[in-house]
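This is what each chain is made of:
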Amino acid sequence: MRTSQTIFMTILLAGAIAVAGCAPKNLKTEEISAGTEQTEKKTGETTPSQGENTIVVPDERPAQEQTVTSTELTPGATGSGPSASADARPDYASVPKEEQLSAVAAEKGQLFTVYFDYDNYSIRDNDAENLAKNARWLGLNQSVKVTIEGHADERGDEEYNLALGDKRAQSVKRYLNDLGISPARLDVLSYGEEKPAAIGHDEDAWSKNRRAEFVILK
Amino acid sequence: MIFGKHLLTAALALVLAIAHCLPALAEPKIYIDLSAPAARKIPLAIQGFGYIGKDGANEPVVKEIAKEIVDALRSDLLFSNLFGIIDEKAHPSTLQEPHDTVADFEKWRQAGADGLIKGGFSVEGGRLTIEIRYFDCLSEKQVTGRRFTGSVANARRVVHYFSDMLHEELTGERGIFTTRIMFVSPKSGNKEVYIADYDGKNAIQITRNGSTNLFPQWAPDGKSVIYVSYKKRFPFLYRLDLATGKDTVISSRPGVNIGARFSPDGTKIALTLSGPKSPELNLLDLKTGGYTRLTDNYAIDISPAWSADGSALAFVSDSAGNPNIFMLNFSDNKPKRLTYTGAFNASPAWSPDSGRIAFARQDNGRFNIWVMDPDGSDAAQLTFEGNNKNPSWSPDGRHLIFSSESRGQSSLYIMRPDGTGLTRLSTGIGNETAPVWSPLPLPLQR
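These numbers were taken from a predicted model, which means no experiment stands behind them.

## Things to note about the overall build of chain A
Helix and strand counts for chain A come out as 5 helices and 4 strands. Each helix (α) and strand (β) of chain A, taken in turn from the N terminus, gives the series α-α-β-α-β-α-β-α-β. Here chain A holds 218 residues, and 45% of them are scored as buried. When the accessible surface of chain A is split by element, carbon and sulfur atoms take 52% of a total near 11,200 Å².

This is the structure in structure tokens:
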């Protein structure tokens, strides 16, 4: 197993060397030679971009749709600390203070997915209520950080769709921020059209794929 | 018709004869004028390659190599669109013909050949030596001849170098037969980056991280590539050195680090980063690591394409409502709109001489490849079937490669910039997207 892997990596590297196309005197440079493994540095890369804005990302994948059961729900509490800015924004007093969270959201920590119109990134009226519920739940669970994942349907251009997914997720982040949720608790991650929720090539599938999903991080 | 053909042949013979009689006046020797419209194709014969080594003529690999050499020559020369290849059945008996000279030009002319390629090869200790010669049957002269030594594992590659030289000898312009195509495929279960020869052969996988890898681009020297990967969860930009295999992250800002393209001099990268308002175009200075924001608006700005002189970027923006192509000139930094029609305009690519911009335009749910002048005028649709995206120019500007999707499967196609010569590129990998043509590799020293 180990041997075959080494051979495999050697072939890969040899191929990469061939591809590099450094062709000085003659074709002898194209000879496949053994070498070290093709490596990807795991940590501590020195790069031009590394600075205060560099995000340190843990190696393991984030838990998907993790349930949060240990947090006590205190009715009426709208959060505290740095994120308790909801009161300072009377224009966005749309979080219904008296209303109970939906049973599902309270028990399972579900956060509602938000959907978008084609090539659009504004929050639809239909989704305002769900986002308000999400904000309320996040307000009650101050220890929770979430990633907002922005997605696009398969139409359009891949690169553009990745930017569109970013813009959708950023829209949701801003909306929640206006509802008093600290931006520090909201990561944004765009997948563009790479991770469709529904497989299909019609509006039924596309409408399910133009979305922003919440993934709970510890 | 026949008379006309003979007249042309005679005219060409005369030109070639003059070229040979007056070598001093004939430089640079241009046998074929690439700028001439609808130039006549040279009828060419390729004589089978025989084994010319001392030993090893009966090795099983010999037969295979002989076939591979002729196959590669055929596909290179047909791709050049300069030659018509004469069926081997029409060749004169080559029993008396050596591999390095022509015994009887008259016989080859009778077979219809104006040009003749012949040669031989030998294998010694894993090294393949090929001798190839091109003869002009009209002037009865050898035009070019080279001996190549390379790996026995890739006879095709050795032939590509000859094709490059022959192309340059005949046209004054270097061929692109040693260039490569980079693309993305989900074949391994996730999207990884692959590189194949220009003819689709010898495809190898160059990323292998199990994550999603997108939008590869060549460095101007062809020695490294940049690509977007999710291997550290977020869409960061990485650079992979193809010679050493060294892989480094070069842009890891919060949000997206996408749409990256090298400046022609290789010192900067234009890319899209998440901005406070919207994804914006930025310049990353590779020396300092500093960023300069180029756009500042509430629109999506993406897919920058450099002009050859590095003075301007064509890019996509939805600032006018739907995605359109804009031009940003570094002299005034004011984006100027180029497209006014089409529901979705995407992925501009500037031709190597900066004369035309290729892009993808969608009107009725499907994209097609278009070209236009850099001021937005003279737009022409080149494809009419399938869902065609991501055009990329060959370094000589004589071909475009793009991806075409049909029933959920994508494949790569090559055509000339007038839409003719449409050919599917078979890489053996499957479901290929986001093709990018490499720059010319360094030439072999003569």
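Text resumes after the structure shown.
## Section: the domain arrangement of chain B
Residue and element names in this part refer to chain B. Looking at chain B, the domain boundaries give domain 1 (17-171) and domain 2 (180-437). In this assembly, 9 residues from domain 1 lie in contact with 11 residues from domain 2. Carbon and sulfur atoms supply 46% of the area buried between domain 1 and domain 2, which totals about 900 Å² over both sides. Linking domain 1 with domain 2 are 2 salt bridges, by the criterion used here. With a shortest N-O distance of 2.8 Å, R156 and D199 are connected by a salt bridge. Of all the secondary-structure elements, those providing two or more residues to the side of domain 1 that touches domain 2 are α2 (60-80) and α4 (155-171).

## Some details on the environment of F315 of chain B
Tracing the backbone through its elements, the reader meets F315 of chain B in strand β19 (residues 312-317). Taking the C-alpha atoms as reference, F315 of chain B lies 45 Å from I132 of chain B; in sequence the two are 183 residues apart.

## Looking at the sheet that holds strand β7 (residues 180-185) of chain B
Strands belonging to one sheet form pairs held by backbone hydrogen bonds; the direction of such a pair is parallel or antiparallel. Residues and elements named next belong to chain B. Spatially, β9-β8-β7-β30 is the arrangement adopted by the 4 strands of the open sheet, whose pairing is antiparallel. The strands lining the two open edges of the sheet, one partner per strand, are β9 (204-205) and β30 (433-437). Judged from the 2 bridges that link them, strand β8 (residues 192-197) and β9 form a sheet pairing that is antiparallel. The partner of I195 across the bridge, within β9, is I204.

## Examining the pairing of strand β24 (residues 367-372) of chain B
Residue and element names in this part refer to chain B. In terms of burial, β24 is a largely internal element, 6 of the 6 residues being buried. Burial of β24 is two-sided: the residues F367, I369 and V371 facing one way and the residues N368, W370 and M372 facing the other way are all buried. Here strand β23 (residues 357-362) pairs with β24 via 6 bridges, running antiparallel. Across the sheet, residue I357 finds its bridge partner in β24, namely M372. Linkage of β23 to β24, two consecutive antiparallel strands, is achieved through a turn of 4 residues, within which G365 is found at a positive phi near 90 degrees.

## Section: the confidence of the model for chain B
Residues and elements named next belong to chain B. In this model, chain B carries an average pLDDT of 90, and 90% of its residues clear a pLDDT of 70 or more. Below pLDDT 50 for its whole length, residues 1-28 participates in 16 contacts with residues either more than four positions away or in separate chains. The ipTM assigned to the predicted complex is 0.88, against a pTM of 0.80.

## Observations concerning the packing of α2 of chain B against α4 of chain B
Residues and elements named next belong to chain B. Where α2 contacts α4, the axes come no closer than 9 Å and their chain directions differ by 35 degrees. Two packed elements cross with a definite hand, and for α2 against α4 that hand is right-handed. Two secondary-structure elements touch here, α2 through I65, E68, I69, D71, A72, L73, S75, D76, L77 and S80 and α4 through A155, R156, V159, H160, F162, S163, L166 and H167. The class makeup of the residues in the contact of α2 with α4 is 9 nonpolar, 5 polar and 4 charged.

## Section: the nonpolar core
Residue and element names in this part refer to chain B. Counting 59 residues, the largest nonpolar core has M182, I206, L237 and I269 as its most contacted members. With residues near it in sequence (within four places) discarded, I269 still touches I226, L237, I250, A260, R261, F262, N282, L283, L284 and L286. Membership of the second largest hydrophobic core comes to 32 residues, among which are I65, V70, A72 and F121.

## Brief notes about the packing of aromatic side chains
Taken as a whole, this structure holds 16 aromatic pairs over all chains when the rule is applied. Both rings, one in Y227 of chain B and one in Y238 of chain B, keep their centres 5.8 Å apart while their planes meet at 25 degrees; by these two values the pair is stacked. A residue pair is termed long-range when its members are at least 10 positions apart, and Y227 of chain B in strand β11 (residues 224-229) and Y238 of chain B in strand β12 (residues 236-241) qualify at 11 residues. Cluster of aromatic residues (ring-pair linked, three or more members): Y160 of chain A together with F344 and F367 of chain B. The positively charged end of K231 of chain B is found above the aromatic ring belonging to Y238 of chain B, 4.2 Å away from the centroid.

## Regarding the sheet that holds strand β16 (residues 280-285) of chain B
All names here are of chain B. Read across the open sheet, the 4 strands follow the order β14-β15-β16-β17; overall the sheet is antiparallel. At either margin of the open sheet sits one strand with a lone partner, and together these are β14 (257-262) and β17 (291-293). Ignoring strand direction, the axes of neighbouring strands in this sheet form an average angle of 25 degrees. Bridge count for β14 against strand β15 (residues 268-273) is 4 bridges, and the pairing is antiparallel. Paired with I258 across the strands is T272, a residue of β15.

Calculation rules
What you see as residue numbers is a count from 1 along each chain, following the sequence as written. Lettering for chains starts from A, numbering for ligands starts from 1, and both go in the order in which the items are written. Where totals are concerned, whole chains, interfaces and linings use all residues; where local detail is concerned, this predicted model gives features only for residues with pLDDT of at least 70, and gives and counts side-chain atom pairs only at 80 or more. Heavy atoms throughout the structure, all of them, feed into the side-chain values; hydrogens and water do not. Here a helix means four or more residues in a row that DSSP labels H or I, a strand means two or more in a row labelled E, and each is numbered from the N terminus. Relative accessibility under 20% of the residue-type maximum defines a buried residue, over 50% an exposed one, and the middle range a partly exposed one, all with a 1.4 Å probe and only protein chains included. All accessible areas in this document rest on Shrake-Rupley with a 1.4 Å probe, and a residue is counted as covered only by the protein chains that are shown. Start and end points for every domain follow an automatic or database-based domain assignment. The criterion used for residue contact is that any of the two residues' heavy atoms lie within 4.5 Å. Summed over both partners, the accessible area lost on bringing two parts together, with a 1.4 Å probe, is the buried area. For this document, the term salt bridge refers to a Lys or Arg side-chain nitrogen within 4 Å of an Asp or Glu carboxyl oxygen. We treat two strands as partners when DSSP finds at least two bridges between them. What pLDDT expresses is the predictor's confidence in each residue, scored from 0 to 100. In this description, a line fitted to the C-alpha atoms serves as the axis of each element, helices being fitted only across the stretch in contact, and the angle between N-to-C directions of two axes falls anywhere from 0 to 180 degrees. Each crossing gets its handedness from the near helix: less than a right angle anticlockwise from the far helix is left-handed, clockwise is right-handed. Each residue gets one of three labels, nonpolar for Ala, Val, Leu, Ile, Met, Phe, Trp, Tyr, Cys and Pro, charged for Asp, Glu, Lys and Arg, and polar for the others, Gly among them. As used here, the term nonpolar core means buried Ala, Val, Leu, Ile, Met, Phe, Trp, Tyr and Cys residues forming a set that is joined through side-chain atoms within 4.5 Å. Pairing of aromatic rings covers Phe, Tyr and the six-membered ring of Trp, with a centre-to-centre limit of 6.5 Å; geometry is then stacked below 30 degrees between planes, edge-to-face above 60, and tilted otherwise. Our definition puts a charge over a ring when NZ of Lys or CZ of Arg is within 6 Å of the ring centre and also within 35 degrees of the ring normal.

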